[in-house]
Amino acid sequence: IGLLLAMVAAYFALGSHLQALYVSLTIFASFIWVRGSIGLLDWAGVNVFGVPLQERVYFLLVLSAMIVSGISLNVRAFESFNDAAKLQPNLPASRLWQSLRPLAPRFNLVIGIAVINFLSLGQIGIHGILEVGLLSALGLLIQRLLVVTLLPALQLCFGGRPQKATATLLSSCQQRLQ
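Quick caveat: nothing in here was measured; it's all calculated off a predicted structure. (Residues numbered from 1 in each chain as written. Predicted model: local features only at pLDDT ≥ 70, side-chain atom pairs only at ≥ 80, totals over all residues. Heavy atoms only, no water.)

Caption draft 1: Seen up close, the overall build of the protein chain. Within the protein chain one finds eight helices and two strands. Moving toward the C terminus, one meets the helices and strands of the protein chain in the order α-α-β-β-α-α-α-α-α-α. Counting only C-alpha atoms and orienting by the principal axes, one finds that the protein chain spans roughly 55 × 35 × 25 Å. A sequence separation of at least 24 residues applies to 76% of the contacts in the protein chain between residues at least 6 apart. Total accessible area on the protein chain is roughly 10,400 Å²; 67% of this is exposed by carbon and sulfur atoms. (Helix = DSSP H or I, 4+ residues; strand = E, 2+ residues; numbered from the N terminus. Contact = heavy atoms within 4.5 Å. Areas by Shrake-Rupley, 256 points an atom, 1.4 Å probe, with all protein chains shown as cover.)

Take a look at the structure:
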């Protein structure tokens, strides 16, 4: 249900059903990677307060955090892409994605701050909360990687630019209020 809501929110923000689908698919891919990392971290011998890392009920909080951060990261990336496409409509999509590379330090700074905040949950001293912080931080790093790899790849392979006449729900409401 959370992924469907993420897709609806992305559609309202972006005005493209394909871009909204890519946002949801990217978030889903991050779910798979973080869930898979639990076994990998256990295999590598990572312990939290001397207890092996395992999937517990707290993992649902990780998924919720990843939905929220995934919507933010992916929608911001597509908004930047769409803004660049408006300025240079004849430029191929691959060149537009390349033109967004100077924005990477801003994304990285925000992700870095969020990762530090999640990792600081360890000072609470509760095993489950520490796992949430560790896995949420890992999830953010995975999502950052997917935003620069999977998201552009999906858009380049299958298309998905908003049409010129298509306005987002938010922009059409703002125009009617003026």
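Caption draft 2: Looking closely at helix α1 (residues 2-14). Compared with an ideal rise of 1.5 Å per residue, which puts 13 residues at 18 Å, α1 spans 18 Å between its outermost C-alpha atoms and is within 8% of the ideal. What α1 keeps buried is the set Ala6, Ala10 and Leu14. Down the axis of α1, the sector holding all buried residues measures 50 degrees, keeping them to one side. α1 presents Leu4 and Leu5 as exposed residues on the side facing more than 90 degrees away from its buried surface. Here the buried face of α1 lies against α2 (17-43) and α3 (59-87). At the C-terminal side of α1, Gly15 shows a positive phi close to 75 degrees. (Expected span 1.5 Å × (residues − 1). Buried < 20%, exposed > 50% of the residue type's maximum accessible area, 1.4 Å probe, protein only. Arc of directions from axis to C-beta.)

Caption draft 3: Representation of the packing of aromatic side chains. Taken as a whole and judged by the stated rule, the model has four aromatic pairs. Ring centres 6.1 Å apart and planes at 55 degrees place the aromatic pair Tyr11 and Phe12 in the tilted group. Taking the centre distance of 4.7 Å and the plane angle of 25 degrees together, the rings of Phe81 and Trp97 count as stacked. Taken together, the positions of Phe81 in helix α3 and Trp97 in helix α4 (residues 93-99) put the pair 16 residues apart, joining distant regions of the chain. In this structure, Phe81 and Trp97 share a single accessibility class: buried. One aromatic cluster in this structure is built from Tyr22, Phe78, Phe81 and Trp97. (Phe/Tyr/Trp six-rings, centres within 6.5 Å; stacked < 30°, edge-to-face > 60°.)

Caption draft 4: Representation of a nonpolar patch on the surface. Nonpolar side chains collect at one region of the surface, where Val57, Tyr58, Leu60, Leu61, Ile124 and Ile126 lie side by side and expose about 580 Å² of accessible area between them. Relative to the elements of secondary structure, Leu60 occurs in helix α3. Here Leu60 falls in the exposed class, since its relative accessible area comes to 54%. (Patch = residues over 30% accessible without salt bridge, like charges linked within 9 Å, V, L, I, M, F, W, Y side chains within 5 Å. Salt bridge = Lys/Arg side-chain N within 4 Å of Asp/Glu carboxyl O.)

Caption draft 5: Broad picture of the confidence of the model for the protein chain. Per-chain confidence: the protein chain averages 84 in pLDDT, with 90% of residues scoring 70 or above. Element-level pLDDT for the protein chain is lowest in helix α8 (residues 169-177), with a mean of 57, against a maximum mean of 92 in α2. (pLDDT = per-residue confidence, 0-100.)

Caption draft 6: Expanded view of the packing of α2 against α3. Here α2 crosses α3 at 140 degrees, and the two axes come no closer than 9 Å. Accordingly, the angle class assigned to the pair α2 and α3 is oblique. Here α2 and α3 pass one another in a crossing that is right-handed. Residue-level contacts link Gln19, Tyr22, Val23, Thr26, Ile27, Ser30, Phe31, Val34, Arg35 and Ile38 of α2 to Phe59, Val62, Leu63, Met66, Ile67, Gly70, Ile71, Asn74, Val75, Phe78, Phe81 and Asn82 of α3. Residue composition of the contact of α2 with α3, grouped by class: 15 nonpolar, six polar and one charged. (Axes fitted to C-alpha atoms, helices over the stretch in contact; angles between N-to-C directions. Parallel < 35°, antiparallel > 145°, perpendicular 65-115°, else oblique. Left-handed = near helix turned anticlockwise from the far one by under 90°. Nonpolar A, V, L, I, M, F, W, Y, C, P; charged D, E, K, R; others polar.)

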